[in-house]
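# Close look at the chain arrangement
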Amino acid sequence: MKEVNSLKEDRIEKPKAALVTLGDSRREFYAQRMAIVTQEMQKAKAALEEEFEVYQSPIVYSDAEAEAVAGEIRRRGIGAVIVHLPIWGTPALALRIAQSTQRPVALLANKRRDSSSLVVMLAVAGMLDQSAMPCVRIAGDVQEEETRRQLAQYIRACALVDDVRKSEYCMVGGRSIGIGTTVADPSQWARVFGTSFDHADQLEICLRAGDIDAQRVQRHLDWWKSRVNIEFGGRFSEESLEKQMRSYLALRDMAAERGYDFLGLKCQQEMSDHYALQCLAVALLNNDCDADGPKKPIPTSCECDCDGALTMRILSLASGGAPSCLVDIKFFGEEDRGFTLANCGAMAPYFADPSGKNYKSVTMMPHTFGLAGGGATQMIAAPGPVTVARLFRTKGEYVLGCFEGRTVTKPIEELRKTTWCYPHQFIEAEVDYDLFLRTMNSNHLHSVYGSCAGLLQMFCNMVGIRFINYNV
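Description of the structure in this document. (Residues numbered from 1 in each chain as written. Predicted model: local features only at pLDDT ≥ 70, side-chain atom pairs only at ≥ 80, totals over all residues. Heavy atoms only, no water.)

Read from one edge to the other, the open sheet built from five strands follows the order β2-β1-β3-β4-β5, with strand pairing classed as parallel. Looking at the sheet topology across the chains shown, the edges are occupied by β2 (53-56) and β5 (135-139). Here the strands of the sheet are splayed against their neighbours by 25° on average, with no regard to which way each runs. In this structure, strand β1 (residues 16-21) lies alongside β2, joined through four bridges in parallel fashion. Each bridged residue has a counterpart across the sheet, and for Leu 19 the counterpart in β2 is Gln 56. (Pairing = 2+ DSSP bridges. Helix = DSSP H or I, 4+ residues; strand = E, 2+ residues; numbered from the N terminus. Axes fitted to C-alpha atoms, helices over the stretch in contact; angles between N-to-C directions.)

Shown next, in the form of C-alpha cells:
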C-alpha cells in the first residue's frame, strides 16, 4: 500500500469578519457627525486587520442597502458579522444584517460621550433579543487591548463553529470495555455541531499494517527509538513495537485518504489481545511531528470515546492547532486543590516537551494489560497553563464542562501511586470540586496548553449547549 503524506489542512488563511457600520435613515442628520463615524470606522478596521481578513461594507442607510450588504456577506461566506455603531443609527437596519449569518452578530459600540453609541447599542440589542436573535455586546475603544480581545474572541468563536462543522470523524471499532459514555449519536452530532460521523472496522488496521513498506516502518522506528527511552520486557518486544508503529502508519494513511480530521479507536480487546496495543498509534496521531517532520495533529481518543475525540478536536482548533489529549480522572480533591490524570497511552509525547526538542523524559515500557503485547509511553506533562474540558450529555443534552489550571511536575516515583507505566498530568486548579463531582458525566478529561475557556464558552453559546465553568 502506497505511502500517503497529504492530510486535509485546517484553516490556514486568516478568519474572515464583516464590519458593517449602521447609518441613519435621516442622512442629513447623520452627516453632521460624519467626522466621528469616519474616525471610528478607520480605527475599527485597522484594529481587526492585524489578525483577520476584513470586509468593510459601505455605510447602511436603508433596508435595501442592508439587504444588499447581507447578500454580499453570504456570498463571501463570512460567519463573523460585526454591526458597528459609531454614533446613533436606525436600529431596525440591523435586522437584515443579523439575518446574513447563522451566528450571533457582535454589536460594537464606543464610550465617547459625544457619540450616542451606547444608547443605539441598547436599542439594537433589545430589538434583536426580543426577536430571539442573539447578539454579543462589545463596548469600548478598539485601540484598547480588552476591546480588541473581545472582538478577536468573537471572530475566533465563529471560526471555531465553522471548523467544527466542517470536521470529519471516524469511529474505528465501537464501544470499548463497556464504557457507555464513550458512544455518541451521529444524528445529534449533525444537528448540534454539524460534524460528519463515519465508521471503520479495526480489521482494516491489521490489513493495512501488513502492507506498509518495511523501509518506511524502519525509518519511523529509528526516529522513535532515537528520541525516547525504550525498556523491553514481558510482552513488549521488538516485534510488538513494530506492530504498534505499523498500526500508527495504517491509521495515519486511512485518515489522509478519507479526509478524517479526528478519530476514535477502540483497541480493547480485539487489538490489545490479538494484534498489538494501540497506545503508540494514538500517541503519535495526537503528536505534532513524526519521522516525516512537523505535522498536523489528528486528535484521537482511545477506547473509541466519540465525545472525547470531539472535545479534543475542539480544544485543538481553539488553541490554533496544538495537540490535545485524553486522560482518566484518577484522583481529585480539595486538599491538594488539584487533579491526578493518567491514561494508558493517548497522550502525545509533545506534552513531555511542547518545544519538541527533547522526548528523553518519555520511556516506553511494558504495559499492564494486552495479551498481544506492546508498550505504554510513560511521561509527566511539562508545566504550563492548561485548559481542561469535556463534552458530556445530561438527560440527552450536551454540556461542556471546563476549567483552567496549570500542570506541575512531580517526582517520577509519584506514578507508582497510580499506574507506573502511564503518562500523567498533575494539574493544580481552583475548582469547585463538589460541583465537579456532582455534574461531571465522564471518567475522561481532555486538555490543551493555553487559556481557551472564554472562547469555549462563546462557542457553546453559538451552538446552543450549556457551558459549566468549574473554576472558582
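The biggest cluster of nonpolar side chains holds 125 residues, and the ones touching the most others in it are Tyr 154, Trp 189, Phe 193, Phe 403, Leu 445 and Leu 456. If you tally residues by element for this core, the top one is helix α6 (residues 145-165), at nine residues. Of all hydrophobic cores here, the second largest spans 26 residues; its members include Val 83, Leu 93, Ala 98 and Val 120. (Core = buried A, V, L, I, M, F, W, Y, C linked by side-chain atoms within 4.5 Å. Buried < 20%, exposed > 50% of the residue type's maximum accessible area, 1.4 Å probe, protein only.)

The next point concerns the sheet that holds strand β7 (residues 196-200). With parallel pairing, the four strands of this open sheet are ordered in space as β7-β6-β9-β12. The sheet is open, and its two edges are formed by β7 and β12 (300-302), each paired on a single side. Each strand of the sheet is rotated relative to its neighbour by a mean of 20°, with strand direction disregarded. One ladder, built from three bridges, connects strand β9 (residues 262-265) with β12; its direction is parallel. Paired with Leu 265 across the two strands is Cys 302, which belongs to β12.

Here the focus is the pattern of salt bridges. All told, the structure shown has 33 salt bridges when counted by the stated rule. For Glu 65, the salt bridge identified is with Arg 27, shortest N-O distance 2.9 Å. Of this pair, Glu 65 sits in helix α3 (residues 63-76) while Arg 27 is found in helix α1 (residues 27-31), placing the two residues 38 residues apart along the sequence. Accessibility expressed as a relative area gives 43% for Arg 27, which makes it partly exposed. Notably, a salt bridge pairs Arg 313 with Asp 261, separated by 3.7 Å at the nearest N-O pair. Linking Arg 313 in helix α13 (residues 306-318) with Asp 261 in the loop between α10 (238-258) and β9, this pair joins segments that are 52 residues apart in sequence. A network of salt bridges, in which partner residues are shared, links Glu 40, Lys 43, Arg 112, Asp 114 and Asp 141. (Salt bridge = Lys/Arg side-chain N within 4 Å of Asp/Glu carboxyl O.)

For the rest of this paragraph, the subject is the packing of α13 against helix α15 (residues 453-463). Packing of α13 against α15 leaves a shortest axis separation of 10 Å and a crossing angle of 120°. Judged on the interaxial angle alone, α15 and α13 are oblique. Considering how the two elements wind past one another, α13 and α15 form a crossing that is right-handed. Two secondary-structure elements touch here, α13 through Ile 314, Leu 315 and Ala 318 and α15 through Leu 455, Leu 456 and Phe 459. (Parallel < 35°, antiparallel > 145°, perpendicular 65-115°, else oblique. Left-handed = near helix turned anticlockwise from the far one by under 90°. Contact = heavy atoms within 4.5 Å.)

Of all six residues making up strand β3 (residues 80-85), six are buried, and the element is well covered by its neighbours. For β1 and β3, the ladder comprises five bridges, and the chain directions are parallel. Within β3, the position partnered with Val 20 by the bridge is Val 83. One ladder, built from four bridges, connects β3 with strand β4 (residues 105-109); its direction is parallel.

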